[in-house]
Amino acid sequence: MTVRNVLILLARVGLGVIFVAHGWQKFVTNGIAATQQGFAHTGHGLFVSKGGFELVLALAALMLLLIVTGAGRFSVGGLLGARLPWNRGIFANPQSLTSEPS
């Protein structure tokens, strides 16, 4: 279970670095006007080299995967456990999502 949690931590840190760098580039390097124009990725196909949404789709898929798997033991939620209000619901026990009601 520790290897799983370390890998989740590495995925979260890596994804966080990408989001910060991407946001920094959009707002500081490119400017607000270029950032607003960049939200029209869908009309250019899939690949980033042609202005497509490949990177955006990959980031969204990774975020969805982290939402489903949870933040892991090495996170604020994992360290504080049930003391956090959002760790008391159905996501605190992922088994509850797959088990049938009795």
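As a reminder, the structure under discussion sits directly above these lines.
Below is a short write-up of the structure. (Residues numbered from 1 in each chain as written. Predicted model: local features only at pLDDT ≥ 70, side-chain atom pairs only at ≥ 80, totals over all residues. Heavy atoms only, no water.)

All right, on to the overall build of the protein then. From N to C terminus, the protein includes five helices and zero strands. Secondary structure elements in the protein, listed N-terminal to C-terminal, are α-α-α-α-α. Burial statistics for the protein: of 102 residues in total, 11% are counted as buried. Of the contacts formed within the protein by residues at least 6 apart in sequence, a portion of 46% connects residues at least 24 apart. (Helix = DSSP H or I, 4+ residues; strand = E, 2+ residues; numbered from the N terminus. Buried < 20%, exposed > 50% of the residue type's maximum accessible area, 1.4 Å probe, protein only. Contact = heavy atoms within 4.5 Å.)

There is a patch of nonpolar side chains on the surface, built from V3, V6, L7, L10 and F74 and spanning about 460 Å² of accessible area. Here V3 lies in helix α1 (residues 2-30). In this structure V3 comes out as exposed when scored by relative accessible area, which is 61%. (Patch = residues over 30% accessible without salt bridge, like charges linked within 9 Å, V, L, I, M, F, W, Y side chains within 5 Å. Areas by Shrake-Rupley, 256 points an atom, 1.4 Å probe, with all protein chains shown as cover. Salt bridge = Lys/Arg side-chain N within 4 Å of Asp/Glu carboxyl O.)

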